Amino acid sequence: MPDLSSPVTIIEPDRARPGPADGVALCLSGGGYRAMLFHLGALWRLNEAGCLPSIQRISSVSGGSISAGVLGLNWSKLAFDADGVSRRFEAAVVAPIRSLAGKTIDEPAIIGGLLLPGSISERVAAAYKKHLFGDSTLQDLPDDPPRFVINATNVQSGALWRFMKPYMRDYRVGEVRNPRIELALAVAASSAFPPVLSPVRLNLRTTEFSPPGPGEDLHVEPYTTDVVLTDGGVYDNLGLETAWKRYNTVLVSDGGSGMRAEPEPKGDWPRHALRVYDLIDNQVRSLRKRQVVDSLKTGKRKGAYWGIGSDIADYQLPDSLPLPIEKTTALANIATRLKKMGPGLQEQLINWGYAVCDAAIRRHLNPGLPAPTGFPYSNLKRQPLAVRP
């Protein structure tokens, strides 16, 4: 009998595996630059707390995959000390992500893809390659642990397409061992927001796949030769799928925004269809979030959840960093874009991710962890959050 309270579905290949193992997994949700910077703040706090080296798996989708990709590519540079803290985190991880956040890449990609040869998604991948990843491939990610899992959605099979160093796979199509896919392309596939940045196409050969195993009913052309991918958040916006099934302790950083009310919805079919799609997507996200939180509250799983739309007061810590709900709600309402953000807005998002992650892990994971002395960007400590979405 399926567990209807679980936020993930147990598929047939999972039934042959043992249950979740002891260990910690971290999930980084989608949400464009907004989520990318929010997660950066959370990673900053996890680094200070000495938690990063103890994480066995980092599963990401969409905007979260940008942060995860930078962290994974630069993992060997972090040189964690005896307390599990990297003193190089700002240079290796914060600096390149903030540099990208100062550039708009979605709009030029869309215009170029419409007017010039080449697709929109190819231009997004080229921007990631230029500004973050260079010629790095999945083979430049670290050896386990942690296992970095960059998730996209296979439009053909309706399943998750998982990019990792040891393999990439779709449980219906099959598995390619030791893939040489460029890291920039994997992140572009994971963050190919529909409809404008989607799809991403992988041109493969059937011979690259391992022999088909049980349940791989789509191990035939064109599924194995022309793979059509879209944003990983279409299938699983929290990046839970590959983490929840594997580890008992799951940390979820949710940078996804809630849906805004719209007093006069557009009546033309493209914009009306997009609004209805957003309604469906919002309901699915809300249900999955509730299932995660309920599982943590009831003790079915260990871990912590924090979201960009959370109220830090709900964690009931007397010494949590001061961020009023009306200010953080404004941050949560920033549009899901790959659009340039000014330094001040970047720092506000990073500070918020840092503060709410701190509250969540001290409340639910490590109550003995000392409170931080201030925000990463302390010049904003007593300033109002002047957000212009």
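Small disclaimer: the values here were computed from a predicted structure and weren't measured.

Structurally, Ser-320 can be placed in the loop between strand 10 (302–307) and helix 11 (325–332). A polar atom in the side chain of Ser-320 sits 3.4 Å from the backbone oxygen of Leu-317. In this structure Ser-320 touches Ile-312 and Arg-362, once residues within four positions along its chain are discounted.

Residue-level pLDDT values for the chain average 91, and 90% of them are 70 or greater. Between residues 380–389, whose pLDDT stays under 50, and residues either more than four places distant or in other chains, the model counts 24 contacts.

This part takes up helix 2 (residues 32–48). A rise of 1.5 Å per residue sets the reference length of helix 2, with its 17 residues, at 24 Å; its end C-alpha atoms lie 25 Å apart and thus fit the reference within 8%. Just beyond helix 2, the residue with positive phi is Gly-50, at close to 75°.

A side chain of one charge can pair with a side chain of the opposite charge when the charged atoms of the two come close. Per the stated rule, a full pass over the model turns up 17 salt bridges. With a closest N to O distance of 2.8 Å, Lys-165 and Asp-143 form a salt bridge. Taken together, the residues span a long stretch of sequence, with Lys-165 in the loop between strand 4 (160–163) and strand 5 (167–170) and Asp-143 in the loop between helix 6 (120–133) and strand 3 (147–154) at a distance of 22 residues.

For helix 11, the complete set of buried residues consists of Thr-328, Leu-331 and Ala-332. Burial along helix 11 is one-sided: seen end-on, the buried residues are contained in an arc of 100°.

It is worth spelling out the nonpolar core at this point. Formed by 94 residues in total, the largest nonpolar core has its most connected members in Phe-89, Tyr-128, Trp-161, Phe-163 and Trp-306. Tallying contributions element by element places helix 12 (residues 343–364) first for this core, with 11 residues. With 12 residues, the next largest nonpolar core counts Ala-243, Trp-244, Val-250 and Leu-296 among its residues.

We now examine unusual backbone geometry. The peptide bond linking Pro-145 to Pro-146 adopts the cis configuration, its omega dihedral lying at -5°. Its location among the elements puts Pro-146 in the loop between helix 6 and strand 3. Cis geometry marks the peptide bond from Glu-221 to Pro-222, where omega comes out at 5°. With respect to the secondary-structure elements, Pro-222 resides in the loop between strand 7 (200–203) and strand 8 (226–231). In the Ramachandran plot, Ser-62 falls in the positive-phi region, its phi being about 50° despite a non-glycine side chain. You can see Ser-62 is positioned in the loop between strand 2 (55–61) and helix 3 (63–73). A positive phi is found at Ala-79, a non-glycine position, where the angle reads about 50°. Residue placement: Ala-79 occurs in the loop between helix 3 and helix 4 (89–101).

Below, the discussion takes up the packing of aromatic side chains. Within the structure shown, the criterion is met by 6 aromatic pairs. Taking the centre distance of 6.3 Å and the plane angle of 55° together, the rings of Trp-44 and Phe-89 count as tilted. Within this pair, whereas Trp-44 is found in helix 2, its partner Phe-89 is found in helix 4, the two being separated by 45 residues in sequence. Each member of the pair Trp-44 and Phe-89 is classed as buried. Consider the rings of Trp-75 and Phe-148, whose centres lie 6.0 Å apart with planes at 75°: the pair is edge-to-face.

Put simply, helix 2 and helix 3 touch, their axes get as near as 7 Å, and they point 45° apart. Accordingly, the angle class assigned to the pair helix 2 and helix 3 is oblique. Handedness of the crossing formed by helix 2 with helix 3: right-handed. Residues Gly-32, Met-36, His-39, Leu-40 and Leu-43 of helix 2 form the contact with helix 3, whose own contacting residues are Gly-63, Gly-64, Ile-66, Ser-67 and Leu-71. Grouping the amino acids of the contact of helix 2 with helix 3 by side-chain chemistry returns 5 nonpolar, 5 polar and no charged.

In terms of residue burial, strand 8 counts as a mostly covered element, since 5 of its 6 residues are buried. Two strands pair when backbone bridges link them, and strand 3 and strand 8 are joined in this way by 3 bridges, in the antiparallel orientation. Paired with Ala-152 across the bridge in strand 8 is Asp-231. One ladder, built from 4 bridges, connects strand 7 with strand 8; its direction is antiparallel. Within strand 8, the residue paired with Leu-202 across the bridge is Val-227.

About the cut-offs
Position labels on residues start from 1 in each chain and follow its written sequence. The predicted nature of this model means local features are confined to residues of pLDDT at least 70 and side-chain atom pairs, given and counted, to a pLDDT of 80 or more, with totals for whole chains, interfaces and linings taken over all residues. The basis for every side-chain value is the complete set of heavy atoms in the structure, and neither hydrogens nor water enter the calculation. Segments assigned H or I by DSSP are reported as helices when at least four residues long, segments assigned E as strands when at least two residues long, and all are numbered from the N terminus. The term polar contact refers here to a pair of N or O atoms within 3.5 Å; inside protein, the definition further demands a hydrogen-donor-capable atom paired with an acceptor-capable atom, and it admits residues adjacent in sequence only when both atoms are side-chain atoms. We call two residues contacting when some pair of their heavy atoms lies within 4.5 Å. Per-residue confidence from the predictor is reported as pLDDT, a score between 0 and 100. What a helix should span is 1.5 Å times the count of its residues minus one. We define a salt bridge as a side-chain nitrogen of Lys or Arg found within 4 Å of a carboxyl oxygen belonging to Asp or Glu. Buried, partly exposed and exposed residues are distinguished by accessible area as a fraction of the type maximum, computed with a 1.4 Å probe on protein chains only: under 20%, between the cut-offs, and over 50%, respectively. The directions from the helix axis to the C-beta atoms form the arc being described. The nonpolar core is taken to be a set of buried Ala, Val, Leu, Ile, Met, Phe, Trp, Tyr and Cys residues, with the residues joined through side-chain atoms within 4.5 Å. In summary, the pairing rule links any two rings of Phe, Tyr or Trp, Trp by its six-membered ring, whose centres are within 6.5 Å, and it sorts them by plane angle into stacked for under 30 degrees, edge-to-face for over 60 and tilted for everything else. Every angle, taken between N-to-C directions, lies between 0 and 180 degrees, and every axis is a line fitted to C-alpha atoms, over only the stretch in contact when it is a helix. The labels follow the angle: roughly parallel below 35 degrees, roughly antiparallel above 145, roughly perpendicular from 65 to 115, and oblique for the rest. Handedness of a helix crossing follows the sense of rotation of the near helix relative to the far helix, less than a right angle counterclockwise being left-handed and clockwise being right-handed. The classification used treats Ala, Val, Leu, Ile, Met, Phe, Trp, Tyr, Cys and Pro as nonpolar, Asp, Glu, Lys and Arg as charged, and all other residues, Gly among them, as polar. Two strands pair if DSSP finds at least two bridges between them.

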